Amino acid sequence: MYLIGVIVIAAIAYFLYRELYGKRKDLPPGPTPWPIIGNIPQLDLNHPEKSLIQWGKQYGPVFTIWMPVPFVIVNDYDLMKESFLKQGDVFAGRPKTFIMQELARGNYGLVFARDELWREQRRFALHVLRDFGVGRNVLEPKILDQARELISILHSTKGPTQLKPAFTFAVGNVINVMIVGYAWKFGDQKMEEFRKTLEELPMAATKPTVLLLELYPWIRYFEPPFNMGLKHVKHLSDKFRSFFLEEIRKHKETLDENEPPRDYTDAYLIEMNKRIKAGNQGSFSEWQLMFAMGDMWSAGLETTVTTLRFAFLYLLNYPDVLKKLHEEMDEMVGRERDLSMNDQKILPYLCATIQEVQRLANILPINLQHTVTEDVIVGGYRIPKETIVVAQTPSIHLDEKLFPDPYTFNPERHIDANGRFVKNEHILPFSIGKRACMGESLARMELFLFLGSLVQHCDFRPADGKTPPPFKIITGMGQYPAPYDCVIIPRT
Ligand code: HEM
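Criteria and thresholds
Residues numbered from 1 in each chain as written. Predicted model: local features only at pLDDT ≥ 70, side-chain atom pairs only at ≥ 80, totals over all residues. Heavy atoms only, no water. UniProt positions renumbered as here; feature names shortened; annotations may be inferred. Helix = DSSP H or I, 4+ residues; strand = E, 2+ residues; numbered from the N terminus. Rg over C-alpha atoms; globule rule 2.2 N^0.38 Å. Buried < 20%, exposed > 50% of the residue type's maximum accessible area, 1.4 Å probe, protein only. Contact = heavy atoms within 4.5 Å. Areas by Shrake-Rupley, 256 points an atom, 1.4 Å probe, with all protein chains shown as cover. Pairing = 2+ DSSP bridges. Axes fitted to C-alpha atoms, helices over the stretch in contact; angles between N-to-C directions. Near = heavy atom within 4 Å. Parallel < 35°, antiparallel > 145°, perpendicular 65-115°, else oblique. Nonpolar A, V, L, I, M, F, W, Y, C, P; charged D, E, K, R; others polar. Core = buried A, V, L, I, M, F, W, Y, C linked by side-chain atoms within 4.5 Å. Phe/Tyr/Trp six-rings, centres within 6.5 Å; stacked < 30°, edge-to-face > 60°. Lys NZ or Arg CZ within 6 Å of the ring centre and 35° of its normal. Left-handed = near helix turned anticlockwise from the far one by under 90°. Expected span 1.5 Å × (residues − 1). Salt bridge = Lys/Arg side-chain N within 4 Å of Asp/Glu carboxyl O. pLDDT = per-residue confidence, 0-100.

Naming follows an unreviewed UniProt entry, where the chain appears as Cytochrome P450 of Plectus sambesii. Under the UniProt heading Cofactor (unreviewed entry), the entry covering the chain gives this text: "heme".

See below:
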């Protein structure tokens, strides 16, 4: 009995030592984590970026939080450049996760891919994106087609309306045209079903019981009788994938390898067949293609739609800014001709507004996790290979030393004394280093052409004519404005 008591006390003492000191001693300091659940209870769940800013002030430019696995947070611009940019390859890993293993049998796709597969697939995808016009202005008319559709949908609304469905339609169609070559009609049932699955999947995959599986994978054997949520995630993932499988099948049936590719799927299949013939398939497979298509959708839709929704939330709250945008547009472009990317030069206030939206919105309140591919020193601390590291860009965007009164929406801060737009290197909504957003050029085109065309052809007013929607934010994987209504008045 005495011996059992001693063993239990020793086990508890060892557990507490490990949780409170042992596992932390080799990483940068940070807030003391709770046993098992780490720092999650201390995090402001509505505004995690604020907790990280606060901890940065307390613990310095690099610190560790436990989520419940350790995240080394790099909270300082110079240190971010020093690490994520100058040692790009070392900071370009991604964690291996239980959920990716379950859903994809490994790190496939683009967002969670790693090592050689990621390098080869990212290079190829960027090359195709360039060929499809991000660099060569082939995509611009396609985005403008969707902008015209979007305006006509919004012009036809009567009374208070939510912007999200129309934005999702327009941004989703740009991705669909690029990946599979066609656009949907507004309200299409298939698009609606696909959009719903795409929205539900990340929510289901980040349910607390599913996240717990990352630490304790054996819990999955208790479903059923317990509902861990894993079966639901798998069901949604299969549904999501079936859309891409169908598209790959249709593309294979109609592919003409002697013609230029119609879209990303064609380009991928042509490259894969070429490699198979040459006996050098590398990481090219239909399995990988399916996950890459899914990643472009999931990385490209919600991010762009949320940024646009934030933009109009600010504009409804800052009508003077909207008024200036209207005046600039009327004076420099008018309402007759289509906008073009070349107009960036003559629309400094629009460029400044977009930059300010991206500075303030911080749609990823904790930036996406990387891992280090080898042992490395960050800010004087030795970080072991495979540790998760985060370039915490929101802390830079909200730094009062760089942006006085950082929580105020003020596009003027990006305009110089000569009225010119000043691009600010500290504003990094697409992140930094080798894993920075692959769709940055496309997203910048969409933000400029959609926002600009909307300003050109619509006026936006609060739902009741006077009370702007509140800044209510919903936080999950990302940060989104709560649904809000507004009234759209055509500018004819
Ligand atoms: C306003 C819109 C967008 C924002 C704010 C945004 C932001 C980001 C951020 C912060 C990351 C993480 C980078 C990192 O890990 O450090 C990322 C990754 C990524 N984004 Fe975007 N993104 C946007 C639009 C798009 C679009 C339209 C596409 C579509 C083609 C896209 C495709 C990707 C991909 C594939 C990755 C993973 C890159 C990699 O791991 O190598 N994004 N994005």
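Participant: Break down the overall build of the chain for me, with residues and values.
Facilitator: Secondary structure assignment for the chain yields 16 helices and 11 strands. Over its C-alpha atoms the chain spans a radius of gyration of 24 Å, differing by no more than 12% from the 23 Å that the globule rule assigns to 492 residues. Each principal axis of the C-alpha atoms in the chain carries an extent, and together these give about 90 × 60 × 45 Å. Per-residue burial over the chain gives 52% buried out of 492 residues. Long-range contacts, defined as pairs at least 24 residues apart, comprise 70% of the intrachain contacts of the chain with a sequence gap of at least 6. Carbon and sulfur atoms make up 58% of the accessible area of the chain, which totals about 23,500 Å².

Participant: I'd like a description of the sheet that holds strand 4 (residues 370-371), backed by residues and values.
Facilitator: Sheet architecture is open: 4 strands sit in the order 1-2-7-4, paired in mixed fashion. What marks the edges here is a single partner per strand, and that holds for strand 1 (62-66) and strand 4. Bridge analysis of strand 4 against strand 7 (residues 388-391) gives 2 bridges, and the strand direction is antiparallel. For His370, the partnering residue across the bridge sits in strand 7 and is Val389. Across the face of the sheet, helix 2 (residues 48-59) comes into contact with strand 1 and strand 2 (70-74) while running at roughly 130 degrees to strand 1.

Participant: Would you mind going over the site of the ligand in detail, with residue names and values included?
Facilitator: Close to the ligand lie 26 residues, the nearest being Arg94, Arg122, His370, Ser431 and Cys437. Mapped by element, the contributors of at least two residues to the shell around the ligand are helix 5 (115-134), helix 12 (286-317) and helix 16 (440-457).

Participant: Describe in detail the packing of helix 13 (residues 319-332) against helix 16, supporting the description with residues and values.
Facilitator: Two elements in contact, helix 13 and helix 16, have axes separated by 9 Å at closest approach and are oriented at 85 degrees. What the angle tells us is that helix 13 and helix 16 run roughly perpendicular. Of the residues in helix 16, those touching helix 13 at Leu325, His326 and Met329 are Gly452, Val455 and Gln456. Looking at the contact of helix 13 with helix 16 residue by residue, the classes come out as 3 nonpolar, 3 polar and no charged.

Participant: Let's hear about the nonpolar core: which residues, and what values?
Facilitator: Across soluble globular proteins, nonpolar side chains show a tendency to be buried alongside one another. The biggest cluster of nonpolar side chains holds 106 residues, and the ones touching the most others in it are Tyr264, Trp297, Phe312 and Phe460. In terms of residues, this core owes the most to one element, helix 12, which gives 17 residues.

Participant: Can you break down the packing of aromatic side chains residue by residue, with the values?
Facilitator: Within the structure shown, the criterion is met by 28 aromatic pairs. Summarising the aromatic geometry, the rings of Phe124 and Phe284 are spaced 5.2 Å apart at their centres and angled 85 degrees between planes, so their arrangement reads as edge-to-face. On the criterion of sequence distance, the pair formed by Phe124 in helix 5 and Phe284 in the loop between helix 11 (264-277) and helix 12 is long-range, its members being 160 residues apart. Aromatic pair Tyr182 and Trp184: ring centres 6.0 Å apart, planes at 90 degrees, arrangement edge-to-face. When its relative accessible area of 7% is taken as the criterion, Trp184 is described as buried. Aromatic rings pair up to connect Tyr182, Trp184, Phe194, Phe240, Phe243, Phe244 and Trp297 into one cluster. Over the ring of Tyr407 we find Lys50; its NZ or CZ atom is 5.1 Å from the centre of that ring.

Participant: Can you tell me about the UniProt feature "binding site: heme" (unreviewed entry) in the chain, naming the residues and giving the values?
Facilitator: UniProt's entry tags Cys437 with the feature "binding site: heme" (unreviewed entry), counted in the numbering of this structure. With respect to the element layout, Cys437 can be found in the loop between helix 15 (393-397) and helix 16. Not counting the four nearest positions on each side in its chain, Cys437 is found in contact with Arg122 and Phe430.

Participant: Give a description of the environment of Glu400 that names residues and reports values.
Facilitator: You can see Glu400 is positioned in the loop between helix 15 and helix 16. Residues Glu400 and Thr492, 92 residues apart in the sequence, show an inter-C-alpha distance of 41 Å.

Participant: Help me get a handle on the packing of helix 10 (residues 230-254) against helix 11, residues and values and all.
Facilitator: Interhelical geometry of helix 10 versus helix 11 gives an angle of 65 degrees and a closest axis separation of 10 Å. The angle between helix 10 and helix 11 falls in the class roughly perpendicular. With respect to the hand of their crossing, helix 10 and helix 11 are arranged in right-handed fashion. Contacts between helix 10 and helix 11 involve Ile248, His251 and Lys252 from the first element and Thr265, Asp266 and Leu269 from the second.

Participant: If you had to explain helix 6 (residues 139-155) to someone new, which residues and values would you point to?
Facilitator: An α-helix turns once every 3.6 residues. As a result, residues three or four positions apart point the same way. With 17 residues, helix 6 extends 24 Å from end C-alpha to end C-alpha; this agrees with the ideal 24 Å at 1.5 Å per step. Those residues of helix 6 not exposed but buried are Leu139, Glu140, Ile143, Leu144, Gln146, Ala147, Leu150, Ile151, Ile153 and Leu154.

Participant: Provide a residue-level description of the pattern of salt bridges, including the pertinent values.
Facilitator: Within this structure, the stated rule accounts for 33 salt bridges. For Asp338, the salt bridge goes to Arg148, with nearest N and O atoms at 2.5 Å. Residue Asp338 is found in the loop between helix 13 and helix 14 (348-361), and its partner Arg148 is found in helix 6; the two are separated by 190 residues along the sequence. With a shortest N-O distance of 2.9 Å, Arg337 and Asp343 are connected by a salt bridge.

Participant: Give a detailed account of unusual backbone geometry, specifying residues and quantitative values.
Facilitator: Here the residue pair Met67 and Pro68 is connected by a cis peptide bond, since its omega of -15 degrees sits within 30 degrees of zero. Relative to the assigned elements, Pro68 resides in the loop between strand 1 and strand 2. With a phi angle near 45 degrees, Asn362 is a residue other than glycine that sits in the positive phi range. At Asp405, a residue that is not glycine, the phi angle is positive and equals roughly 55 degrees.

Participant: How would you sum up the confidence of the model for the chain? Please name residues and give values.
Facilitator: Parts of the model with low pLDDT should not have their predicted coordinates read in detail. Residue-level pLDDT values for the chain average 93, and 95% of them are 70 or greater. Scored as a whole, the predicted complex attains pTM 0.95, and scored at its interfaces, ipTM 0.99.

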